[in-house]
Amino acid sequence: MARPRKKTNATVNVAAEVKPAVEEAVKKAEETVEAAAKTAEEAAKAATGEVKTAVKKAVKKAPAKKEKEPAKTNVILQFGGNGEADLGSLEEKVKAQFVAEGHRAGCIRNLDIYVKPEDGKAYYVINNGKFSGDVNLF
């Protein structure tokens, strides 16, 4: 078995001289890392602020898109000397009468309206013949 070596005074002196230099180098390295971290954090905050500012400016500059409303169409029926009937409101008349008869407007799945100006009436069929009736045109 090998004997352990004895430390000589020269080895102890070198170790004593190197230790403070190593500790100082480690301390400087830690300070450099901390400074770099702070700089990176500040840069990230600045970049975030710049992005937010850019987004706000873009939103302010972007014009709001307005959807065009469909053209309003009025269909008026004139027949003989009976006057005029607004066919655009005919659907509302039919639905109002259907509801007045005790039904729910929500149960209408399809609605067919037949206009007969010679009778002065509009006939309707709701839900493929399940309900039917008529309303006055004039």
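Before reading on, note that the structure itself is shown above.
Residues numbered from 1 in each chain as written. Predicted model: local features only at pLDDT ≥ 70, side-chain atom pairs only at ≥ 80, totals over all residues. Heavy atoms only, no water.

Lay out the overall build of the chain with the relevant residues and their values.
Counting its secondary structure elements, the chain contains two helices and five strands. Listed by position from the N terminus, the elements making up the chain come as α-β-β-α-β-β-β. Sequence separation of 24 or more characterises 29% of the internal contacts of the chain that already satisfy a separation of 6 or more. Accessible area for the chain stands at about 11,900 Å²; split by element, carbon and sulfur atoms hold 55% of it. (Helix = DSSP H or I, 4+ residues; strand = E, 2+ residues; numbered from the N terminus. Contact = heavy atoms within 4.5 Å. Areas by Shrake-Rupley, 256 points an atom, 1.4 Å probe, with all protein chains shown as cover.)

Quick rundown of the nonpolar core? Include the residues and the values.
Of all hydrophobic cores here, the largest spans 11 residues; its members are Leu77, Ala85, Leu90, Val94, Phe98, Ile108, Ala122, Tyr124, Ile126, Val135 and Leu137. Broken down by secondary-structure element, the contributors of at least two residues to this core are α2 (90-100) and β4 (121-126). (Core = buried A, V, L, I, M, F, W, Y, C linked by side-chain atoms within 4.5 Å. Buried < 20%, exposed > 50% of the residue type's maximum accessible area, 1.4 Å probe, protein only.)

Quick rundown of the pattern of salt bridges? Include the residues and the values.
Here the structure, examined in full by the defined rule, presents four salt bridges. Between Glu91 and Lys95 there is a salt bridge, and its shortest N-O distance comes to 3.1 Å. Of the two residues, Glu91 and Lys95 both sit in helix α2, four residues apart, roughly one turn of that helix. Residue class for Glu91 comes out partly exposed when judged on its relative accessible area of 37%. Where Asp119 meets Lys116, a salt bridge forms, and the shortest distance between an N and an O atom there is 3.5 Å. Owing to a relative accessible area of 34%, Lys116 belongs among the partly exposed residues under this scheme. (Salt bridge = Lys/Arg side-chain N within 4 Å of Asp/Glu carboxyl O.)

Please set out the sheet that holds β4 residue by residue, giving values where relevant.
One open sheet accounts for three strands, arranged β3-β4-β5; its pairing is antiparallel. The open sheet is flanked by β3 (111-116) and β5 (131-136), the only strands paired with a single partner. Averaged over all neighbouring strand pairs, the angle between strand axes comes to 20°, with direction disregarded. (Pairing = 2+ DSSP bridges. Axes fitted to C-alpha atoms, helices over the stretch in contact; angles between N-to-C directions.)

Just give me the short version of the environment of Asn128, but keep the residues and values in it.
Turning to its location among the elements, Asn128 is positioned in the loop between β4 and β5. Residues Asn128 and Leu111 lie 17 residues apart in sequence; the distance between their C-alpha atoms is 7.9 Å. For Asn128, the side chain forms a polar contact with the side chain of Asn110, separated by 2.7 Å. (Polar contact = N/O pair within 3.5 Å; in protein donor to acceptor, adjacent residues only side chain to side chain.)

Tell me about the pairing of β5, and please be specific about residues and values.
Where β4 meets β5, six bridges bridge the pair, whose relative direction is antiparallel. Paired with Ala122 across the strands is Val135, a residue of β5. Taken together, β4 and the strand that follows it, β5, pair antiparallel across an intervening segment of four residues, in which Asn127 is found at a positive phi of about 55°.

Before we move on, can you summarise a nonpolar patch on the surface with the specific residues and values?
Together, Val18, Val22 and Val26 make up an exposed nonpolar region whose accessible area comes to about 230 Å². Secondary-structure assignment places Val18 in helix α1 (residues 9-61). Overall, the relative accessible area of 42% leaves Val18 in the partly exposed class. (Patch = residues over 30% accessible without salt bridge, like charges linked within 9 Å, V, L, I, M, F, W, Y side chains within 5 Å.)

So, α2: which residues are in play, and what are the values?
All buried positions along α2 are accounted for by Leu90, Val94 and Phe98. One side of α2 carries all its buried residues, which in axial view fall inside an arc of 75°. Against β2 (84-86), β3, β4 and β5 lie the buried residues of α2. One or two positions beyond α2, positive phi appears at Gly102, with a value near 105°. (Arc of directions from axis to C-beta.)

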